[in-house]
Amino acid sequence: MNNILEMRNITKAFGGVQALTNVHLEVAEGEIHALMGENGAGKSTLMNILTGVVPMDAGKIVFDKKTYVHPTIRQMEAAGIAFVHQEINVINDLMVYENIFLNREIQNKWHVLEKKRMIRETEELFERLGVKIDPMQMVSELKTSEKQLLEICRSLHANAKLLILDEPTTALSNEEISHLFGILKKMKQEGTSFIFISHKMPEIFEIADRYTVFRNGWFVSSGPISETTPQKMTTDMIGVEYAEKDVYHPRKLGDIVLRLNRLSGHGFSDVDLEVRKGEIVAFTGLAGCGASELMQTMFGVLPIENGFVEVAGKRINGRIYQFMRNRVAMLPSNRKENSVIPDMTILENMQIAEHRLSRKKPVIFRREEEKKYEELKEMLHIKAEDPDAPINSLSGGNQQKVFLAKWLNTDADVLLFDNPTQGVDVGAKAEIYQLILEFAEEGKTVLINTLEIPEIKKVSDRCVVFYEGRVAKVFEHEEIDEKTVMMYSTNAVKAAGGNKNGK
Ligand SMILES: Nc1ncnc2c1ncn2[C@@H]1O[C@H](COP(=O)(O)OP(=O)(O)OP(=O)(O)O)[C@@H](O)[C@H]1O
Ligand SMILES: [Mg+2]
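This one's a predicted model, so the numbers in the text were calculated from it and none came from an experiment. (Residues numbered from 1 in each chain as written. Chains lettered and ligands numbered in written order. Predicted model: local features only at pLDDT ≥ 70, side-chain atom pairs only at ≥ 80, totals over all residues.)

Description of the overall build of the chain
Move 1: Within the chain one finds 18 helices and 20 strands.
Move 2: Here the chain has a C-alpha radius of gyration of 23 Å; the compact-globule value for 503 residues is 23 Å, and the two agree.
Move 3: Every one of the 503 residues in the chain was classed for burial, and the buried ones make up 43%. (Helix = DSSP H or I, 4+ residues; strand = E, 2+ residues; numbered from the N terminus. Rg over C-alpha atoms; globule rule 2.2 N^0.38 Å. Buried ≥ 20, exposed ≤ 12 C-beta atoms within 10 Å, placed from the backbone.)

Some words on the domain arrangement of the chain
Move 1: Here the chain is partitioned into domain 1 (3-238), domain 2 (253-327 + 413-503) and domain 3 (335-411).
Move 2: A C-alpha centroid distance of 25 Å is found between domain 2 and domain 3.
Move 3: At the junction of the two partners, domain 2 supplies 10 residues and domain 3 supplies 10 residues.
Move 4: Counting residues per element, the side of domain 2 that touches domain 3 draws most heavily on helix α15 (residues 426-441), which supplies 3 residues.
Move 5: Tallied by class, the residues present in the side of domain 2 that touches domain 3 amount to 6 nonpolar, 2 polar and 2 charged. (Domains from an automatic or database assignment. Contact = placed C-beta atoms within 7 Å. Nonpolar A, V, L, I, M, F, W, Y, C, P; charged D, E, K, R; others polar.)

Structural notes on the site of ligand 1
Move 1: The local shell around ligand 1 holds 20 residues, among which Phe-14, Ser-44, Thr-45, Ser-395 and Gly-397 are the closest.
Move 2: Mapped onto the shell around ligand 1, the elements with two or more residues apiece are β2 (17-28), α1 (43-50) and α14 (396-408).
Move 3: Its residues placed into classes, the shell around ligand 1 shows 5 nonpolar, 13 polar and 2 charged.
Move 4: Taken domain by domain, the makeup of the shell around ligand 1 includes at least three residues from each of domain 1 (3-238) and domain 3 (335-411). (Near = placed C-beta within 6 Å.)

Notes on the sheet that holds strand β6 (residues 81-84)
Paired through backbone hydrogen bonds, the strands of a sheet run either parallel or antiparallel to each other.
Move 1: Taken in spatial order, the 6 strands of this open sheet run β6-β7-β8-β3-β9-β10, and their pairing is mixed. At either end of the open sheet lies a strand with only one pairing partner, and these are β6 and β10 (218-224). Going across the sheet, the axis of each strand differs from the next one's by a mean of 15°, ignoring polarity.
Move 2: Pairing between strand β3 (residues 32-36) and strand β9 (residues 210-215): 4 bridges, direction parallel. When the sheet's bridge partners are listed, Leu-35 is paired in β9 with Thr-212.
Move 3: Relative to the sheet, helix α8 (residues 230-238) contacts β3, β9 and β10, its axis offset from that of β9 by approximately 30°. (Pairing = 2+ DSSP bridges. Axes fitted to C-alpha atoms, helices over the stretch in contact; angles between N-to-C directions.)

Thoughts on the sheet that holds strand β11 (residues 256-265)
Move 1: If you trace the 4 strands from one edge of the open sheet to the other, you get β12-β11-β14-β15, paired in antiparallel fashion. The outermost strands of the open sheet, each flanked by one partner alone, are β12 (268-276) and β15 (314-315).

Considering the nonpolar core
Move 1: Judged by nonpolar contacts, the single largest core of 70 residues is most densely connected at Met-295, Val-328, Leu-416 and Leu-447.
Move 2: No other element matches α14, which puts 6 residues into this core.
Move 3: Residues lining this core come from more than one domain, with at least three contributed by each of domain 2 (253-327 + 413-503) and domain 3 (335-411).
Move 4: Residues within four places of Leu-416 in sequence aside, it is in contact with Met-295, Met-298, Phe-299, Val-328, Ala-329, Met-330 and Leu-447. (Core = buried A, V, L, I, M, F, W, Y, C linked by C-beta atoms within 7 Å.)

Describing unusual backbone geometry
Move 1: We note that His-111 has phi near 65°; this positive angle belongs to a residue other than glycine.
Move 2: Along the chain, His-111 falls in the loop between α3 (96-100) and α4 (115-129).
Move 3: A positive phi angle, close to 50°, is found at Asn-159, a residue other than glycine.
Move 4: Tracing the chain through its elements places Asn-159 in the loop between α5 (144-157) and β7 (162-166).

Some points on the confidence of the model for the chain
Move 1: With 96% of its residues at a pLDDT of at least 70, the chain reaches an overall mean of 89.
Move 2: Scored below 50 in pLDDT, residues 499-503 shows 3 contacts in the model against residues more than four places distant or in partner chains. (pLDDT = per-residue confidence, 0-100.)

Here it is in structure tokens:
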């Protein structure tokens, strides 16, 4: 098969950071090519080079038989490359259809925008792709998953020959992912090529035809997916044999520190839950199941509509600051929208929650903060050089670790983690879960909302499954099993006329 893309001997440094050294990448026509590597391996950088976003120091690109050494964004777009960035990039102040046609607006011969036609084409595009979004809605009103879908649709609309998807599924539910994969497979048959980046191994083995692995900015391996295994690929990524360790162990739990009593809010109702000191509880369910909204309500981001939340025996009914004062912390889902403050440095992004809490103290001790930063950086293995560098100079997974650090830094007793391992590589995921267990051992209480059931099994004492805003089932650690949890998430249990195992 012909190659649509060849990137040869690509080298790139950012100041003193060598992001890529002499790497290559070949993508065949009509294939889905997985680009793999740990956080900071250089994947997004290579894609930024390919699309003219950042210049390369050395190397060359051959795309669709043309050679490029200093490609520009316009040139690569015109050549037929579309890029779905790692971070959601839609414009909130525009309508959905305006985002689809951004920089490609249809005008009539008097240069007047053909609004009706653009709306109709957007409708047709959504219809074809099975996406249920109103073209006239403001983007700011969309849910995160809808924004991610919109971004993907915008690239599909460009009719590209090569489509780059840099972690396209971090904000999507499992149904949305399988729907997306259906679309990709169809487009692949029609001849479109894809570069697909993801840290979710099962996804890669489901969708990709071939793969390339980088480690620390170097090329490591490449080949057909059918000739490797998740185990082998992980070893290529991290450089040593990867052994999945079972870190979970039962612990003695303390008194009840968190109590939800018939709690109702946006998208969920009548949730009763008691969590003990030192306990790890996971929430899971399909998109719209209410678990994320519940977590946001437990931190004052969304209002309580009914019932109450008690932390350490005290009812809390206020906004975020109230919860923070009562030693609750929350890492929100969707980093770019809810966490990253782009104009600030790594250190500032990390310290901001702590500053809010200690705002009555007049002085900020820079040296102490740096010490704390170094500690957390070491603990979470954050790949960063200078604490004063902008947060955006870190790779996606390393930014995520900074936000984890930000909340650990507040010394809260109750940690609410919504989708905490988004964009985090396999090895780092395991490390984060190990840390969560250590925190629990020290008496912290941790709630995690995630779709990844194998991860739940790894750390949690209990798993609460939500279905349409209500608790469908609570599993004890030994009972957690992917199939059974899925049954309750999808309400298949009811459909099958009750669960025969009595679980
Ligand atoms: N604008 C920049 N300024 C300085 N350093 C940068 C910049 N962009 C990337 N880097 C550095 O280049 C290296 C590679 O980063 P890159 O974003 O390509 O990693 P990645 O493989 O996409 O990782 P992830 O899986 O976490 O997204 C990292 O060390 C990162 O800090
Ligand atoms: Mg990246």
